[in-house]
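In case you want the letters, here they are:
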Amino acid sequence: MRITKLTTYRVPPRWMFLKIETDEGVVGWGEPVIEGRARTVETAVHELSSVLVGQDPARINDLWQAMYRGGFYRGGPILMSAIAGVDQALWDIKGQVLGQPVYQLLGGLVRDRMKVYSWVGGDRPADVIRDIKRLREGGFDTFKMNGTEELGLVDSARKIDEAVARIAEIRAAFGHEIEFGIDFHGRVAVPMAKPLLRALEPYRPLFVEEPVLAEHSEQYARLAEHTSIPLAAGERMFSRFDFKRVFAGGGLAIVQPDLSHAGGITECVKIAAMAEAHDVAFAPHCPLGPVALAACLAVDFVSHNAVLQEQSMGIHYNQGAELLDYVKNRDDFHIENGCIRPLPGPGLGVQIDEERVIEASKNAPDWHNPVWRHADGSVAEW
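Thresholds, definitions, all that
Residues numbered from 1 in each chain as written. Predicted model: local features only at pLDDT ≥ 70, side-chain atom pairs only at ≥ 80, totals over all residues. Heavy atoms only, no water. Helix = DSSP H or I, 4+ residues; strand = E, 2+ residues; numbered from the N terminus. Rg over C-alpha atoms; globule rule 2.2 N^0.38 Å. Buried < 20%, exposed > 50% of the residue type's maximum accessible area, 1.4 Å probe, protein only. Contact = heavy atoms within 4.5 Å. Lys, Arg positive; Asp, Glu negative; His and termini not counted. Charge placed at Lys NZ, Arg CZ, Asp CG, Glu CD. Pairing = 2+ DSSP bridges. Axes fitted to C-alpha atoms, helices over the stretch in contact; angles between N-to-C directions. Expected span 1.5 Å × (residues − 1). Phe/Tyr/Trp six-rings, centres within 6.5 Å; stacked < 30°, edge-to-face > 60°. Lys NZ or Arg CZ within 6 Å of the ring centre and 35° of its normal.

Tallying secondary structure elements over the protein gives 13 helices and 15 strands in all. The globule rule puts the C-alpha radius of gyration for 382 residues at 21 Å, and the 20 Å found for the protein is close to it. Projected onto the principal axes, the alpha-carbon positions of the protein cover approximately 65 × 45 × 45 Å. Classification of the 382 residues of the protein by burial places 56% in the buried group. By sequence separation, contacts in the protein at least 24 residues apart represent 70% of the contacts at least 6 residues apart. Distance between charge centres in the protein, computed from 40 positive and 52 negative side chains, equals 2 Å.

Both strand β2 (residues 15-22) and strand β3 (residues 27-30) contribute to a ladder of 4 bridges, which runs antiparallel. Counterpart to Leu18 in the pairing with β3 is Gly30. The antiparallel pairing of β2 with β3 creates a hairpin that spans 4 residues between the two strands, and Gly25 there sits at a positive phi of about 85 degrees.

Below, the discussion takes up the sheet that holds strand β1 (residues 3-11). Strand order in the open sheet formed by 3 strands is β1-β2-β3, and the pairing between neighbours is antiparallel. Each of the sheet's edge strands pairs with one partner strand only, and the pair in question is β1 and β3. Going across the sheet, the axis of each strand differs from the next one's by a mean of 20 degrees, ignoring polarity. Lying over the sheet, helix α1 (residues 38-47) contacts β1 and β2, oriented at roughly 175 degrees with respect to β1.

This brings us to helix α4 (residues 77-98). In this model, α4 (22 residues) spans 31 Å end to end at C-alpha, consistent with the 32 Å of a helix rising 1.5 Å per residue. Summarising burial for α4: 16 of the 22 residues are buried, a large majority.

Using the criterion set out here, one finds 11 aromatic pairs in the structure. Taking 6.5 Å as the distance between ring centres and 90 degrees as the angle between the ring planes, the aromatic pair formed by Phe17 and Trp29 counts as edge-to-face. Here Trp29 lies in strand β3 and Phe17 lies in strand β2, a separation of 12 residues in the sequence. In terms of burial, Phe17 and Trp29 fall into one category: buried. An aromatic cluster is built from Tyr9, Trp15, Phe17, Trp29 and Tyr326, whose rings are joined through pairwise contacts. Residue placement shows Arg14 over the ring face of Trp367; its charged tip is 4.6 Å from the ring centre. Stacked on the ring of Tyr326, the Lys or Arg Arg356 has its end atom at 5.7 Å from the ring centre.

Laid out in structure tokens, this is it:
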């Protein structure tokens, strides 16, 4: 069997699908994208076609190394996202050829169901209580929300009080019937992280995500020494080599690589194993589409330290399409009591509605995150 063609489709709301075809008619799907840089990643995917076309798709490890090491410059969000989507599609092909789900090819299940959580609120956190009540009816009991709006390098006590008051309202409304993580989203600079974490401690969030930007990962250990809240990060780290430095420095309780950004299944299985060796939990980042979620689940179900799985159904970014709009086997993605079962089909277990994808790709928006500014006119972290 040989790879014959790579086709990319940018689709609403902000996703991109990759179809890899073979000379024996077996097709695999991947999801390579960087939100806001889809066209750039698309170009990178097609640049990799010279490495891939004509090759045996079963040689996943060799092809991964050729894509990664074959160029003098490596790593980073664009290249690693392109590799990630290709890797997902190759695993999808291998599973279909062998008639097995990817998690069986990776050694088999370590659990029967995977805990998932739902986003509530939007970029500017507002009435999350209403959203939590609605999602509770659908069986969710674990959530994540943005912790702050714009926050200066050194900001006021009022801003901290506003953020904490919102969390206090949630605990008052639901007690410990629910769990929730708080995403600082890189909006909190090092000088503000410590007082904000200390003020949130009485409300016992499940974790705080990106307490500071990944560029300041040396601060994770220092912050962890001053808080009992588990710290999580990883969506802006793109290989095991990025995570190696974080594990060496310590401080994180949860790592969150993205299966569409951090080299795909092949790389993230290794990151999960590295995390387990450091007694760190694994909770993949996934605000993306169905192929990305299927890839995450394949790794979750073979990783003993996987604890939570993000998923994008109903997320505030989804304008113009939802995760299941592009899926034929929707029932396989059913969430019950806040958990999802292993996808039963071969490969990644997601049956893509190609006609819907092609049609949607004709009017794909170029999504970009907003650019925020502080009151003084300077650019703020979004």
